[in-house]
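# A structural walkthrough
Here are the chains, one letter per residue:
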Amino acid sequence: MIQIEKLSKVYRDRGRQVTAVDAVDLSVRAGEVHGVLGRSGAGKSTLLRCVNLLERPDAGRVVVDGQDLLALSGGRLRKARQRIGMIHQHFGLLSSRTVAGNVAFPLEVMGVPRAERAERVRELLGLVGLTEHAAAYPAQISGGQKQRVGIARALAGRPNVLLSDEATSALDPETTASILELLRDLNRRLGLTILLITHEMDVVKRICDSAAIMRDGRITESGPVRELLMRPGSELARGLFPLPPPRPRPGTTVADVTFEGDSADRPFVSSLARDFATDVNILGGAVEDIGGTRIGRLRVELPGGPAANTAQLAHLRGAGLTVEVHEAEEAPA
Ligand SMILES: Nc1ncnc2c1ncn2[C@@H]1O[C@H](COP(=O)(O)OP(=O)(O)O)[C@@H](O)[C@H]1O
Ligand SMILES: [Mg+2]
């Protein structure tokens, strides 16, 4: 649905050059919610704005719904862009227009006749649960309701792709949850493909099927969320299961064990202790619900260095668990 190939964007600002997006490849399948996670300045907004050509890339290809956007111009580009909705952190509503008037605005720009417009606005407000607030002005509604107006407005052109730039970053946790639920619901009911960018791990955890991590204009890892969490060394996994930096004591083995689905129900700690007659010290961990699947990570400490625990570690890996062993610090001389 969205295919980004070798996309680059360089800003030139008073003789200074900033490579905001650096040869990024990214693909989002139809009907998927894909999250791009990264710190401020990573290039996320620029990447997103290149997907609907709000920003003209310096190099690369952007194919949305089978259309190479950079090869289009005039009316055909305008039509293609109408099929890509966008929502923003600060909503961008017109304060002089009512809720209904804000949603009608893009329809006016598209030249939709008045009667059809009214009908479509009613439908859109129903979709986001704002029917009763049609006549209210932005100043009279809450932040969550404002974002619902933003979503209704973004859906006016019946897009099959929705781009979301930190849509929940200005909202409190409870409102965030309800907006994410709405996005998930629209994704399922309308088959809407959603590409969202965020700096919040929680957003990825709640609604993303797949995710990518962006840093300094580059994608450092990407894939289905469940797969990333099971991948050794994954930054996404480290972010989702925050554990303090490991400090293995000399003569011990400290390992992070990640398990998914049924292995969460298998008592691997007790079987390890029993089968190898070893002590297993639990140093920390957490279990998360990821799209209906339980994924957990446990940090365990075993007596003896990694060389002495080869069979134990192989046993865990053989059981389908992801095992990451932390190097011990050098013993003081
Ligand atoms: N219009 C612009 N002119 C010059 N530099 C910009 C512009 N927009 C963004 N940048 C720079 O590009 C980099 C990426 O910015 P941005 O895409 O906004 O990142 P993010 O959304 O991840 O915070 C930053 O270094 C930022 O300062
Ligand atoms: Mg941004």
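If you're wondering where the values come from, they're calculated on a predicted model, not measured in any experiment.

### Overview of the packing of helix H3 (residues 99-109) against helix H4 (residues 114-127)
Relative orientation and spacing of two packed helices are given, respectively, by the angle between their axes and the distance between those axes. Two elements in contact, H3 and H4, have axes separated by 9 Å at closest approach and are oriented at 125°. One element, H3, and the other, H4, form an angle in the oblique class. The two elements H3 and H4 meet at a crossing, and its hand is right-handed. Between H3 and H4, the residues in contact are Val99, Ala100, Val103, Ala104, Leu107 and Glu108 and Arg117, Arg120, Val121, Leu124 and Leu125, respectively. Here the contact of H3 with H4 is composed, by residue class, of eight nonpolar, no polar and three charged.

### Thoughts on the domain arrangement of the protein chain
What the domain assignment reports for the protein chain is domain 1 (2-229) and domain 2 (241-326). On a C-alpha basis, the centroid separation for the pair domain 1 and domain 2 is 39 Å. Regarding the contact of domain 1 and domain 2, the summed buried area is about 600 Å², with carbon and sulfur atoms giving 57% of it. The tally of links between domain 1 and domain 2 comes to two salt bridges. A salt bridge links Glu288 to Lys205, with the nearest nitrogen and oxygen atoms 2.8 Å apart. Taken together, the residues of the side of domain 1 that touches domain 2 break down into two nonpolar, no polar and two charged.

### Side note on unusual backbone geometry
Backbone geometry at Arg14 places phi at a positive 45°, although glycine is not the residue there. Relative to the assigned elements, Arg14 resides in the loop between strand E1 (2-13) and strand E2 (16-28). Residues other than glycine seldom take positive phi values, yet Leu53 does so here, at roughly 60°. If you trace the backbone, Leu53 turns up in the loop between helix H1 (44-51) and strand E4 (59-64). Residue classification places Leu53 among the buried residues on the basis of a relative accessible area of 8%.

### Observations regarding the side chain of Asn52
Tracing the chain through its elements places Asn52 in the loop between H1 and E4. Accessibility expressed as a relative area gives 6% for Asn52, which makes it buried. The residues contacting Asn52, other than those within four sequence positions of it, are Arg81, Ile84, Met86 and Leu163.

### A closer look at the site of ligand 1
Close to ligand 1 lie Tyr11, Val18, Ala20, Arg39, Ser40, Gly41, Ala42, Gly43, Lys44, Ser45 and Thr46, which account for all nearby residues. Between ligand 1 and the protein, one listed contact pairs an oxygen atom with a backbone N or O atom of Gly41 at 2.6 Å. Between ligand 1 and the protein, one listed contact pairs an oxygen atom with a backbone N or O atom of Gly43 at 3.0 Å. Burial of ligand 1 by the protein chains amounts to 61% of its free accessible area of 560 Å².

### Notes on a nonpolar patch on the surface
A surface patch of nonpolar side chains, amounting to about 260 Å² of accessible area, comprises Leu94, Phe105 and Val109. In this fold, Val109 is placed in helix H3. Exposure remark for Val109: the relative accessible area of 62% places this residue in the exposed category.

### Re the sheet that holds strand E3 (residues 33-37)
Strand order in the open sheet formed by six strands is E6-E7-E8-E3-E9-E10, and the pairing between neighbours is mixed. The sheet terminates laterally at strand E6 (84-88) and strand E10 (218-224), the two strands that pair on one side only. On average, each strand axis in the sheet is tilted by 15° relative to the strand beside it, whichever way the strands run. Bridge count for E6 against strand E7 (residues 161-165) is five bridges, and the pairing is parallel. Bridge pairing in E7 places Ile87 opposite Ser164. Each of E3, E6, E7, strand E8 (193-198) and strand E9 (210-215) touches H1; the most contacted strand, E8, lies at about 155° to it.

What counts and what doesn't
- Residues numbered from 1 in each chain as written.
- Chains lettered and ligands numbered in written order.
- Predicted model: local features only at pLDDT ≥ 70, side-chain atom pairs only at ≥ 80, totals over all residues.
- Heavy atoms only, no water.
- Axes fitted to C-alpha atoms, helices over the stretch in contact; angles between N-to-C directions.
- Helix = DSSP H or I, 4+ residues; strand = E, 2+ residues; numbered from the N terminus.
- Parallel < 35°, antiparallel > 145°, perpendicular 65-115°, else oblique.
- Left-handed = near helix turned anticlockwise from the far one by under 90°.
- Contact = heavy atoms within 4.5 Å.
- Nonpolar A, V, L, I, M, F, W, Y, C, P; charged D, E, K, R; others polar.
- Domains from an automatic or database assignment.
- Buried area = accessible area lost by both parts, 1.4 Å probe.
- Salt bridge = Lys/Arg side-chain N within 4 Å of Asp/Glu carboxyl O.
- Buried < 20%, exposed > 50% of the residue type's maximum accessible area, 1.4 Å probe, protein only.
- Near = heavy atom within 4 Å.
- Polar contact = N/O pair within 3.5 Å; in protein donor to acceptor, adjacent residues only side chain to side chain.
- Areas by Shrake-Rupley, 256 points an atom, 1.4 Å probe, with all protein chains shown as cover.
- Patch = residues over 30% accessible without salt bridge, like charges linked within 9 Å, V, L, I, M, F, W, Y side chains within 5 Å.
- Pairing = 2+ DSSP bridges.

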